[in-house]
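Survey of secondary and tertiary structure
Single-letter residue listing:
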Amino acid sequence: MRVFINNLKKGDSFRDIFFYWLPELISSAILISLPPMIDAYLVSGLNSNTTYGALGMAVNFIHFLVKLSEAIPVAAMAVIGRYNGSQDFEECGRYIFPTIFASLIIGVLQFILIFVGAGLLFSWLGVPQKMMIVGIPFLKLKSFGALLTFIAMALIGFMRAVKNTRIPMVLSLVGVVIYTFFDFTLVNGNLGFASYGLQGPAIATVIQYFVVIAISLGYIFYTPEYKKYFVNLRFLFFDMKRV
């Protein structure tokens, strides 16, 4: 029992673990729950059963893409976290671009497959022709947003691996605020913006993740506490063994 208690005292305390977990809980709730609810509310205002049905048919597949975007970063977190725990900070930095590159490969593949096969996917799901006409352009543009999501998740995964969960939470909040604003303005054409209907949520996703990627890159490479991970930037780009 004494050995067990002593082992509990090693590493991070339960309090530290809780405060790593809480921002992650908030981030997940924001990213996973809010956008579909906002989309459903705004698209319902178009008063079109066809458009609302097309959104509903696409939502589950879009959710799958979001979860798929987390696969590579989660695997990389285990590796990066191990080196961070042993204070081999330069080795941590060596994995950021291979993580981004691997995520980008999967993101590009899904984008190409959906762009080419969106019609086949809707046909396989048994979607009526009227819904397909509305839903196919939406799903194609949304898949480009998913491609950006893959890159953003790789950057956020690096921050999480080095025990920084607060900034990903802030990025999630900023991203959802941006998404909500453009969703609100573009679906129904509010505040002087043109009305794009079902395309509005897809455009909002693209804008959201462009901003998240830009902020993430700026934070990682220009925050003083992260300089220890990138002492020598030359080795970061072409280390294919880590991909």
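The rules behind these values
Residues numbered from 1 in each chain as written. Predicted model: local features only at pLDDT ≥ 70, side-chain atom pairs only at ≥ 80, totals over all residues. Heavy atoms only, no water. Helix = DSSP H or I, 4+ residues; strand = E, 2+ residues; numbered from the N terminus. Buried < 20%, exposed > 50% of the residue type's maximum accessible area, 1.4 Å probe, protein only. Contact = heavy atoms within 4.5 Å. Areas by Shrake-Rupley, 256 points an atom, 1.4 Å probe, with all protein chains shown as cover. Patch = residues over 30% accessible without salt bridge, like charges linked within 9 Å, V, L, I, M, F, W, Y side chains within 5 Å. Salt bridge = Lys/Arg side-chain N within 4 Å of Asp/Glu carboxyl O. Core = buried A, V, L, I, M, F, W, Y, C linked by side-chain atoms within 4.5 Å.

**Comments concerning the overall build of the chain**
Assigned secondary structure in the chain consists of nine helices and zero strands. Secondary structure elements of the chain, listed N to C terminal, follow the sequence α-α-α-α-α-α-α-α-α. Out of the 243 residues in the chain, the part that is buried amounts to 43%. The contacts in the chain between residues at least 6 apart in sequence include a share of 76% that link residues at least 24 apart. Of the accessible surface of the chain, which amounts to about 13,100 Å², a share of 69% is contributed by carbon and sulfur atoms.

**Some words on unusual backbone geometry**
Phi at Lys 163 takes a positive value of approximately 70°, unusual for a residue other than glycine. Tracing the chain through its elements places Lys 163 in the loop between helix H7 (129-161) and helix H8 (166-187). Look at Lys 163 and you get partly exposed, because its relative accessible area is 42%. Even without a glycine there, the phi angle at Leu 191 is positive, about 55°. You can see Leu 191 is positioned in the loop between H8 and helix H9 (199-222).

**What to know about a nonpolar patch on the surface**
Taken together, Leu 104, Val 108, Ile 112, Phe 115 and Val 116 make up a surface patch of nonpolar side chains, about 420 Å² in accessible area. Structurally, the position occupied by Ile 112 is in helix H6 (residues 96-124). Classification of Ile 112 as partly exposed rests on a relative accessible area of 44%.

**Some words on the nonpolar core**
Counting 30 residues, the largest nonpolar core has Ile 80, Ile 96, Phe 158, Ile 220 and Tyr 226 as its most contacted members. Elements that contribute at least two residues to this core include exactly helix H4 (71-85), H6, H7 and H9. With ten residues, the top contributor of residues to this core is H7. For Phe 158, the contacting residues outside a window of four places in its chain are Ile 80, Cys 92, Gly 93, Ile 96, Ile 220, Tyr 226, Tyr 229 and Phe 230. Ranked by size, the runner-up nonpolar core spans 19 residues in total, among them Ile 114, Leu 121, Phe 122 and Leu 198.

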